[in-house]
Amino acid sequence: MEASVAAPRRLDGDKAQRIIEAMRSSVGERGAAASTFDHVAREAGVSRGLLHYYFGSKEQLLIEVVRHDCEVRIQAMDERIARAGTVDQIVEALVASLQEFIEGEPGSQAVIYEMLSASRRSEDIRAELAELYRRWRAHLAESLRAKEREGVVHLQGDPESVASMLFALGDGFGIQVVSDPDWDHEAAFGLGIMIARRLLGP
């Protein structure tokens, strides 16, 4: 497994949260290229030197925003699926996670898409995104494995492959909706839900 970018130095929770939120917001408003440490420091109410000391580079700060947002989404997904007692409830949990991403903070979407683009030029970013997707798949696969043991689902493949396909559905759909917010996607969304149900049970 390739090493991911090193985590930043430990930073006081409140300051770290303000910096992450300021970077996410700046990328959503200006894009990654125009989101300088000066902008982020000013919006977070900290010094530019503090950002350099704790994060080193804008690339590392972008990675930290993605890490933070993914942690939040993984925890929410785990909790929802843990409470699910039927295939429909599991699908509802996955749909809720997708809707939160699509309808939530625009900066969260922007950071992910900026990082995907940047990963073509940076091996560090590519390795970090790969590791984050591994964690996403592993968490969902373990949740599905537990539900299969409970008799809630009957997976149409190994848990890792089913998790990968469920994320592929969500990722692809999310990109289309974010790219074309006026698209009438109700029929396509219903078909996606039907496919997800088929992956989880006979």
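Worth saying up front: this structure is predicted, and the values here are computed from it rather than measured.

**Some thoughts on the packing of helix 5 (residues 87–103) against helix 8 (residues 159–179)**
It is the contact of helix 5 with helix 8, at a shortest axis distance of 10 Å, that shows an interaxial angle of 30°. Comparing their axes, helix 8 and helix 5 come out roughly parallel. For the pair helix 5 and helix 8, the sense of crossing is right-handed. Contacts from Leu-94, Leu-98 and Ile-102 of helix 5 reach helix 8 at Leu-166, Gly-170, Phe-173, Gly-174 and Val-177. Split by residue class, the contact of helix 5 with helix 8 holds six nonpolar, two polar and no charged.

**Quick look at the nonpolar core**
What tends to happen in soluble globular proteins is that the nonpolar side chains get buried as a cluster. With 59 residues, the main nonpolar core has Leu-140, Leu-144, Leu-166 and Leu-200 as its most contacted residues. For Leu-140, the residues in contact, after removing those within four places along its chain, are Met-77, Ile-81, Leu-94, Ala-163, Leu-166 and Phe-167.

**A few points about helix 8**
In this model helix 8 runs 30 Å from its N-terminal to its C-terminal C-alpha over 21 residues, within 8% of the 30 Å that 1.5 Å per residue would give. Structurally, helix 8 contributes buried residues whose contacts are with helix 4 (58–83), helix 5, helix 6 (106–118), helix 7 (123–149) and helix 9 (186–200).

**With respect to the environment of Asp-38**
On the secondary structure map, Asp-38 appears in helix 2 (residues 37–44). Within the structure, Asp-38 has its side chain in polar contact with the side chain of Arg-48 (distance 2.8 Å).

**Overview of helix 7**
Three- or four-residue spacings in an α-helix give side chains the same orientation, since the helix completes a turn every 3.6 residues. Compared with the 39 Å implied by 1.5 Å per residue over 27 residues, the 38 Å span of helix 7 between its first and last C-alpha is a close match. The first or second residue beyond helix 7 is Gly-151, which carries a positive phi of 85°.

Parameters at a glance
- Residues numbered from 1 in each chain as written.
- Predicted model: local features only at pLDDT ≥ 70, side-chain atom pairs only at ≥ 80, totals over all residues.
- Heavy atoms only, no water.
- Axes fitted to C-alpha atoms, helices over the stretch in contact; angles between N-to-C directions.
- Helix = DSSP H or I, 4+ residues; strand = E, 2+ residues; numbered from the N terminus.
- Parallel < 35°, antiparallel > 145°, perpendicular 65-115°, else oblique.
- Left-handed = near helix turned anticlockwise from the far one by under 90°.
- Contact = heavy atoms within 4.5 Å.
- Nonpolar A, V, L, I, M, F, W, Y, C, P; charged D, E, K, R; others polar.
- Core = buried A, V, L, I, M, F, W, Y, C linked by side-chain atoms within 4.5 Å.
- Buried < 20%, exposed > 50% of the residue type's maximum accessible area, 1.4 Å probe, protein only.
- Expected span 1.5 Å × (residues − 1).
- Polar contact = N/O pair within 3.5 Å; in protein donor to acceptor, adjacent residues only side chain to side chain.

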